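Given next are the chains, with one letter for each unit.
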Amino acid sequence: MTIWTPTLDPTLPRYRALAEAIRLDIASGLLKEDERLPPQRRLADALGVTIGTVTRGYAEAERHGLVRARVGSGTYVNAPVSAGPVPDRRFGHALHARPSFGIAAESDDSLSASSGVMDLTMSLPPPHPARQQGMAAALTAISHSPEALVRSVEYQNEFGVGSHRQLLASWMSELGMPVEPEELMLTQGGQNGITLALSALLAPGEAVVTGALTYPGLIAATAERGLKLLRVPLDEEGMDVEALARLCRQQVPRMVYVMAEQNNPGAAQLSHARREALVALARQHDFWILEDGVQYLPREECGTRLYQMAPERTLYVFSTSKLLAGGLRLGVLRAPVEVLSRIGAVLRSHSWMVAPLLMETVCAWLTSGNATQLVDWQVEEMRARQRLARTLLGEWTLSSRPSSFDLWLVLPEGQRSQAVVESLARRGVHVTSAEPFCVGNEPPPQALRLCLSAAESREVLTRALEIVREVLHAPPPLRCTTL
Ligand SMILES: Cc1ncc(COP(=O)(O)O)c(C=O)c1O
């Protein structure tokens, strides 16, 4: 009888290659649930390795939850865990939801380990069972509140329910973003806040300026509206405002889009001097500033917000997606009150209003009081993940803020991001190159964005980063093509 005889990846230590082969063959269906793996000696003979290698390989696979050993009976394949819908990586984040987690924290790790997919492409809040619990508690609270139930089934106005705006204003203020309820409107997430601002204030053909690497949702939204997207260079102090001033001499933009606290990608923070220069330039040339604060940082890591420095011309985009849950995307758009009705008219024409149940859910969650605790935990968790990444990848050029979700890794001379991304994907680790963030057609820098927050746990993150390290130490050879 022929036995299962995998092909071992020659770039890995053999025991790891065996565990990896088990993972891949479970994922492809070649190894079925409850199937018994070949006896160790027979497999060792078939593969031409020592029995010790097979023992270690099986143990490694067991450690990752792929198989289970039964004393005296052999090693059996565990059930595969679906990795969920395949993410669309065009914009560096999936268009589909991630797989759902069980309430228990332990299940998170086994999910990733047994599916073998370590997806670090999406900027997601780090998993924690409190997210599902918060959601459950919020839904229960709504179901027990006659007022909330009435509001949930009724049409609401386009700015959102007044008491919700008040609640969100005080939560944002608590988080270091002081705003007044009258200057807010509720949106269907941060992306919706961006599109509403563009549609309400700009006409097709007008120019928006952003950093040379920017949030892909802005690139898509400007393209869809027939707006011109122009770029200025970025450095470690954020957008080059002198270059913006030079650009303004040739072509005055209608709007400048900026992620002042941390650019996505790369995490550059706009220095205070540049914030002042940007505001002065905006007043001189009369353009709008669209400040995107969706990628949350605690107040001690932030500078003065642009909307506080130039409230009359700055719109601020915020969302609960990076704080409560990616699926619970209630956005808040802060704008000068004079333009709120224009923005409201666009929201009305697009979707009439934000789904009342979404507003109720977020507000019930905020009222329950555990949102702040969750945010505090998240900040500490991200600080720990950033430290871990710097320990494991410290020999490369890295950039991030202390509690950023993402880490930007600049590849050493001679390495190509596309080849590295592909090589990592073959090892089950998915990351994003700079390509989707590029404005215009200048070649992208050879760099990777690793969303540390997306890993199911620190253990999974460690495994993923160890693989990144191994691949960077033995980079894929550059392919020689016929020209
Ligand atoms: C900088 C930035 N702005 C806006 C968004 C969109 O936010 P939301 O998911 O709330 O629509 C994202 C999402 O990743 C983002 O990174």
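Everything numeric here is computed off the predicted structure, so don't read it as measured data.

What follows deals with the nonpolar core. Counting residues in hydrophobic clusters, the biggest one holds 35 residues, and the most contacted among them are L168, W171 and F318. Of all the elements in the fold, those that place two or more residues in this core are α5 (129–143), α7 (162–174), β4 (184–187), β11 (314–319), α14 (356–368) and α15 (371–393). Per-element tally for this core: the top contributor is α14, with 7 residues. Split by domain, this core shows at least three residues from each of two domains, domain 2 (105–127 + 372–473) and domain 3 (131–368). Beyond its immediate chain neighbours, meaning those up to four positions away, W171 contacts F318, T320, L323, L324, L366, A371, T372 and V375. In this structure, Y215, L229, M259 and V439 belong to the second largest nonpolar core, which totals 31 residues.

Both faces of the sheet carry side chains from a regular strand, because those side chains alternate between them. The alternating pattern of β4 places L184 and L186 and M185 and T187 on opposite faces, both of which are buried. Pairing geometry for β4 and strand β12 (residues 331–334), over 4 bridges, is antiparallel. Directly across from L184, in β12, lies its bridge partner R334.

We now examine the site of the ligand. Neighbouring the ligand are 13 residues; G190, D292, S319, K322 and R329 lie closest to it. G190 is positioned such that a nitrogen or oxygen atom in its backbone is 2.8 Å from an oxygen atom of the ligand. The contact in question runs from an oxygen atom of the ligand to an N or O atom on the side chain of N264, over 3.0 Å. Compared with its free state, where it exposes 390 Å², the ligand has 95% of that area covered by protein.

A few words now on the UniProt feature "domain: HTH gntR-type" (unreviewed entry) in the protein. Per the UniProt entry, the sites bearing "domain: HTH gntR-type" (unreviewed entry) are residues 12–80 in this numbering. Spanning residues 12–80, this segment combines 52% helix with 12% strand, and its end C-alpha atoms are found 23 Å apart.

Remark: α7 packs on α14, axes separated minimally by 10 Å, with the N-to-C direction vectors making an angle of 50 degrees. One way to sum up the angle between α7 and α14 is to call them oblique. Crossing geometry of α7 relative to α14 is assigned as left-handed. Here α7 contributes H164, L167, L168 and W171 to the contact with α14, which in turn contributes M359, E360, V362, C363, L366 and T367. In terms of residue class, the contact of α7 with α14 is built from 7 nonpolar, 2 polar and 1 charged.

This paragraph deals with the pattern of salt bridges. Inspection of every chain in the model, using the stated rule, returns 22 salt bridges. For D286, the salt bridge identified is with R313, shortest N-O distance 3.2 Å. Of this pair, D286 sits in the loop between α11 (272–285) and β10 (288–292) while R313 sits in the loop between α12 (306–309) and β11, and the two are 27 residues apart along the sequence. The partner of E301 in a salt bridge is R383, with the nearest N and O atoms 2.8 Å apart. Here R383 lies in helix α15 and E301 lies in the loop between β10 and α12, a separation of 82 residues in the sequence. A relative accessible area of 18% means that R383 is categorised as buried. Taken together, the shared-partner salt bridges connect R283, D286, E312 and R313 into one network.

Here we take up the sheet that holds β12. Strand pairing in a sheet takes place through backbone hydrogen bonds and is either antiparallel or parallel in direction. Judged by pairing direction, the sheet is mixed, and its 7 strands sit side by side in the order β4-β12-β11-β10-β9-β5-β6 without closing on themselves. The open sheet has two edge strands, β4 and β6 (228–232), and neither has a second partner. Each strand of the sheet is rotated relative to its neighbour by a mean of 25 degrees, with strand direction disregarded. The pairing of strand β9 (residues 255–258) with β10 spans 4 bridges and is parallel. Residue pairing for β10: Y257 is matched across the bridge by L290. Of the strands in this sheet, β5 (207–211), β6 and β9 touch helix α9 (residues 216–224), which is tilted by about 145 degrees from β6. The sheet contacts of helix α10 (residues 241–250) involve β5, β6 and β9, and relative to β6 the element is tilted by about 135 degrees.

What counts and how
- Residues numbered from 1 in each chain as written.
- Predicted model: local features only at pLDDT ≥ 70, side-chain atom pairs only at ≥ 80, totals over all residues.
- Heavy atoms only, no water.
- Core = buried A, V, L, I, M, F, W, Y, C linked by side-chain atoms within 4.5 Å.
- Buried < 20%, exposed > 50% of the residue type's maximum accessible area, 1.4 Å probe, protein only.
- Helix = DSSP H or I, 4+ residues; strand = E, 2+ residues; numbered from the N terminus.
- Domains from an automatic or database assignment.
- Contact = heavy atoms within 4.5 Å.
- Pairing = 2+ DSSP bridges.
- Near = heavy atom within 4 Å.
- Polar contact = N/O pair within 3.5 Å; in protein donor to acceptor, adjacent residues only side chain to side chain.
- Areas by Shrake-Rupley, 256 points an atom, 1.4 Å probe, with all protein chains shown as cover.
- UniProt positions renumbered as here; feature names shortened; annotations may be inferred.
- Axes fitted to C-alpha atoms, helices over the stretch in contact; angles between N-to-C directions.
- Parallel < 35°, antiparallel > 145°, perpendicular 65-115°, else oblique.
- Left-handed = near helix turned anticlockwise from the far one by under 90°.
- Nonpolar A, V, L, I, M, F, W, Y, C, P; charged D, E, K, R; others polar.
- Salt bridge = Lys/Arg side-chain N within 4 Å of Asp/Glu carboxyl O.

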